[in-house]
Amino acid sequence: MKTVRDNVRRSRFRVPIAIALGALVVLLLSANGLAATYTDWLWYDNLQLGSVWTTIIGTQIILVAIFTTAFFLLLWGNLILADRLAPSFRAASPEEDLIERYHQLVGNRAGRLRVIVALVFAFIAGANTAARWPEWLLFLNGTEFGWVDPIFNQDAGFYVFRLPFLNFLVDWVFAALVLTLIVVAVAHYLNGGIRASAATDRVTSGVKLHLSLLLAGLAAVRAAGYWLDRYGLLVSNRGVTDGALATDVNVQLPAYNLLALISLFGAALFIANIRRQGWGLPMVAIGLWGISHLFVGSLFPALYQRIRVEPQITIREEEFVERNIAATRFAYGIDEDRLRSEDFVYTEGITGEEVADFQQVFDNVPLVDPGLALDSFRRDQGERAFYQFSEPLDVDRYEIGGELRPVVLSMRGLNLGVEEIDGGWESQHILFTHGYGAAVAAGWEVGRAGRPDYLVGELGDVAIDEGLTETLGQPRVYYGEDFGGYAIVNASRDEVDYQTSGNESRSFRYDGDGGVSMGSFVRRLAFALRFRDLDPLIAATVTSDSKAVYNRDIQERVQELAPFIRFDSDPYPVMAEDQLFWVIDGYTTTSRFPYSQGVDTDLVNSSLGGGYNYVRNSVKAVVDAYDGDVSFYVVDESDPVLAAWRGAFPDLFSDQSEVPDTIRDNFRYPKDIFEVQTDMWARYVVSDPVQLIQGDVAWSVAAQARREAQVTENEAVSGTSMRPQYLITRLPGSAESEFVLQRAFVPRSGQAGSLTDRPELTGIMMARSDPENYGQLVLYRIPGGQVEAPNFVHSEIRKNGQLTDFVRDQLGSVVLFGEFTLLLVNDTIVYIRPVYVEAASATAVPELSRVIAVNGDRIAMGSTLDQAVAAIIDGADPDDGTIVAGNEPEADEAEEPETDDGATESEAPAETPSYDPTGKSVSELLVDAAAFLEAADAVEADGDTARATELRAQAQAALDAAQRLLGGSTSGAVTTTSGS
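Residues numbered from 1 in each chain as written. Predicted model: local features only at pLDDT ≥ 70, side-chain atom pairs only at ≥ 80, totals over all residues. Heavy atoms only, no water.

## Brief notes about the environment of Glu788
And step 1. For Glu788, the position within the fold is in the loop between β27 (777–781) and α23 (790–799).
And step 2. Its relative accessible area of 30% is what places Glu788 among the partly exposed residues.
And step 3. Here the alpha-carbon distance between Glu788 and Gly856, two residues 68 residues apart in the chain, equals 7.8 Å. (Helix = DSSP H or I, 4+ residues; strand = E, 2+ residues; numbered from the N terminus. Buried < 20%, exposed > 50% of the residue type's maximum accessible area, 1.4 Å probe, protein only.)

What follows is the structure in structure tokens.
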């Protein structure tokens, strides 16, 4: 008796113990997820954006709860009905023994089994709906675009905000009914209501009623799906352009109407079949629907497209393509309301008066190429291996000395992968926590030896050049590009701030508001789980005052806060408010704008990628590099997509009026969206739909010529398009200079960028960036055949014999071309291209050596921009050694060709009693040395050994000066030209 009681007592505890052990296992398995969720909440709360987290998580929970509950009730109710419709007597069948054992096992627990089955399938059906929170929030908060489609007379807001969620809802209900039908059919089989192997009465009348109603529901839902598919035709991509074209309107739309009616008719047949014997009517309904779907919905539209439309496509599609043009221009912000178009009447030739009038523009030509200057920044301003500059360098403008000036800049970030700080957990997370300051170089000029002239430089010396900004009070960078992992600040050990030029280490303790407190054991445990690292929990250096700094990569940081916005691939630094900030452009996109052309990533070269047919640069995210605070400023109040998101997250966005002026002054129009707009405009430059279909008057973005001067002519022009370029210029008719983003166009003929493209400029588009006209687009149309395209100008530059000699004389160094700059000067166009020389050395960096200016057929290369521009002025006859093509006098056949410096090939540079290498770059010194040596050989051949000795001494002086710039000595190395 005691044994029985003990067994009963033990059995009472088994269930709670089993439940507790199961809960513990689940808790351990989900610990990382729970820790991540908890620390996410702490992070949002630290940024005072907890409402964003609760809105997203709350919406996901609500959706899962609603759809899980709906499916549970649907399936549970149908299972109850299936049990009640079970026959009192099960017909004999071969599987009766198996079914009988099932009923014996279930016994009186059928109710519990129904709940369990319904719950399992409900969680499966409901869990995936959490991902639909963006569609639901847009459905609730969507507004109108003010753009009505010509087919259904619906505002575009219906397609963008409401239709996606309605499509999801119909698809979910259809899938739920299919799953319910399958589970219910199995239940009826187990209850004996279905006997497929029985000779008669295979399905009882009650089961037939039940299944017929479910099938009728499926047919009705499918009819609703066809009805919504009609609206989806407006983003069809069947034809020559996107949108509802001839086949969609004339065939596919009536087909969807017919299929919807057939589906409703099928639902009626399923209901009518309830009182009939057999399943004849349902089979008729299914067969009719299948045949209609195949022939009416798929085959006939394809035949119509091939037979009726394609043979006379311009006639059939003209009306519909015209709608596509209007919608596409609106969707990409290149319509008449946002893009101003003007004709540019070109006149060849430029006068001295025009150069003087545009002197401010010429003074601000970007001579420092951001791509070529990166190595100089790393070598000159990297300071220590654990600092890094992100690629590419950024271009901006600041007021310096009372004038707006272009600069090239980058923050000095932290490189966690170098050996110096790869000394264990403490080095990676406690000691080395931040970057330091920024390097800023003048964009309009170079300094010593053709290298960037730094306005902001050494570590610990963060005073900015006069007029740029005040001294940075807080130069430290805790948040930046490519910042991975986490840091712990306010630990018991100080952080490494920076090292002085004398290798003295400076320490620092963080005093900002960034980071999440680690003041409790629970928090330290949560961070250890989140980071999958035991050290935050056990390290003695972590104190109650310590804070965890994570989500440090600025792009990941803003994406976490606003996952529904696309962000630019190139964040850029801004020095304002006594410290450093990052600015990241944000874009709202949708793929549901009716009739608009979707982005083709094969044609559009942009980091924004594809998958959308509407885009706006509506947001500027500003990130504090020290505290990590993020502000999202609205810069396009007219964007309905952003208005919807703002309605869902009112605490996330701020008005543009709240942007500090010092930050607003450095907002720049982003390259990513400008690339999309210019690439789309290249096709949609035409207003005539017939011309768009034919494609014979379309444009292409001008090709990007190769940088290397030593490549062959066929290699000189690559297949890529020119990247947009920032510069300070004057728009035609304007008296003031401004900061713009610019890109040029040529006619489309074959593969973009090929040498077979017609060598003429068709237009230049500019995006304005100054606060008073931010975002305005201006297009200057250039009549065909008047101005040569950049790739053709580049070919003409390469053919110039003087440039060829310059390239040959670099004694093994590499000659590189910088970015092309196009300047509109009154009614003419001037091309500017800097020329860099990179010595043949592992540690060498490109140095600016020459500048080329082109106007019409006049090409000039000088040591400075002023020399080159002066040489292309009408009537100019420079005598300062500038290379000029296009205005040379007729040369006497017996006259010896001149070298770069105006001397004949057998002459040295002008004699000087003592050669003065001061101020010359390495490349210039090498050119001088080569000329001295060549002249020495020539005079020695004539017997003048004394003069040859003097010339070789001059060459040695030039080489010694060059070697001092590179480091080392060349004493005694000069004998003859061949032996140098």
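Here the narrative resumes, following the displayed structure.
## Overview of empty space enclosed by the protein
And step 1. Applying the stated criterion across every chain yields a total of 10 cavities of 30 Å³ or more.
And step 2. In this structure, the second largest cavity is lined by Met722, Arg723, Gln725, Gln742, Arg743, Ala744, Phe820 and Leu822. (1 Å grid on protein atoms, 1.4 Å probe; cavity = no way out; pocket = protein on both sides within 12 Å on 5 of 7 lines; lining within 4 Å. Points joined across faces, edges and corners; volume = space filled by probe spheres on them.)

## Some words on the sheet that holds strand β14 (residues 547–549)
And step 1. Taken in spatial order, the three strands make up an open sheet running β10-β14-β13, and their pairing is antiparallel. Looking along the sheet, the strands with just one partner apiece sit at the ends: β10 (487–489) and β13 (516–517).
And step 2. Where β10 lies against β14, three bridges are found, and the strand directions are antiparallel. Bridged to Ile488 within β14 is Ala548. (Pairing = 2+ DSSP bridges.)

## Re the confidence of the model for the chain
And step 1. Looking at the chain, pLDDT values average 84 and 85% of them are 70 or higher.
And step 2. Segment residues 461–470 is flagged for pLDDT under 50; beyond a separation of four residues in sequence, or across chains, it makes 26 contacts in the model.
And step 3. This stretch, residues 887–913, has a pLDDT under 50; its non-local contacts, to residues over four places away or in other chains, come to 37 contacts. (pLDDT = per-residue confidence, 0-100. Contact = heavy atoms within 4.5 Å.)

## Focus on helix α7 (residues 156–191)
And step 1. Under the 1.5 Å per step criterion, the end-to-end length of α7 is 51 Å for 36 residues, consistent within 8% with the ideal 52 Å.
And step 2. If you check the start of α7, you find a side-chain oxygen 2.8 Å away from the backbone N of Gly157, and it comes from Asp155.
And step 3. Phi turns positive, to about 90°, at Gly192, one or two residues after α7. (Expected span 1.5 Å × (residues − 1). Polar contact = N/O pair within 3.5 Å; in protein donor to acceptor, adjacent residues only side chain to side chain.)

## Re helix α9 (residues 246–272)
And step 1. The end-to-end C-alpha separation of α9 is 38 Å, in line with the 39 Å expected for 27 residues at 1.5 Å each.
And step 2. Approximately 35° is the largest bend angle found in α9, and it occurs at Gln252, with the proline Pro254 only one to four residues beyond. (Bend = angle between axes of the 7 residues up to and from the residue.)

## Digging into the pattern of salt bridges
And step 1. With the rule as written, the count across this model stands at 27 salt bridges.
And step 2. The partner of Arg132 in a salt bridge is Glu135, with the nearest N and O atoms 3.0 Å apart.
And step 3. For Arg743, the salt bridge identified is with Asp679, shortest N-O distance 3.3 Å. Taken together, the residues span a long stretch of sequence, with Arg743 in strand β25 (residues 738–747) and Asp679 in helix α21 (residues 671–684) at a distance of 64 residues.
And step 4. The exposure class of Asp679 is buried, given its relative accessible area of 10%.
And step 5. A single network of salt bridges, built from pairs that share partners, joins Asp380, Arg451 and Glu847. (Salt bridge = Lys/Arg side-chain N within 4 Å of Asp/Glu carboxyl O.)

## Regarding the nonpolar core
And step 1. Among the nonpolar cores identified, the biggest contains 193 residues, and Phe145, Phe593, Phe632, Phe649 and Phe653 are the most heavily contacted of them.
And step 2. Counting residues per element, this core draws most heavily on α7, which supplies 16 residues.
And step 3. Apart from the residues within four sequence positions on either side, Phe632 is in contact with Val558, Leu561, Ala562, Phe567, Val619, Lys620, Ala621, Leu652, Phe653 and Ser654.
And step 4. Ranked by size, the runner-up nonpolar core spans 60 residues in total, among them Val355, Val793, Leu803 and Val830. (Core = buried A, V, L, I, M, F, W, Y, C linked by side-chain atoms within 4.5 Å.)

## Here's the deal with the packing of aromatic side chains
And step 1. Evaluated as defined, the whole model comprises 42 aromatic pairs.
And step 2. Aromatic pair Phe67 and Trp172: ring centres 4.8 Å apart, planes at 70°, arrangement edge-to-face. Of the two residues, Phe67 is situated in helix α3 (residues 50–84) and Trp172 in helix α7; the sequence distance between them amounts to 105 residues. When sorted by exposure, Phe67 lands in the same class as Trp172, which is buried.
And step 3. An angle of 65° between the planes, with centres 4.9 Å apart, marks the rings of Phe158 and Tyr231 as edge-to-face. (Phe/Tyr/Trp six-rings, centres within 6.5 Å; stacked < 30°, edge-to-face > 60°.)

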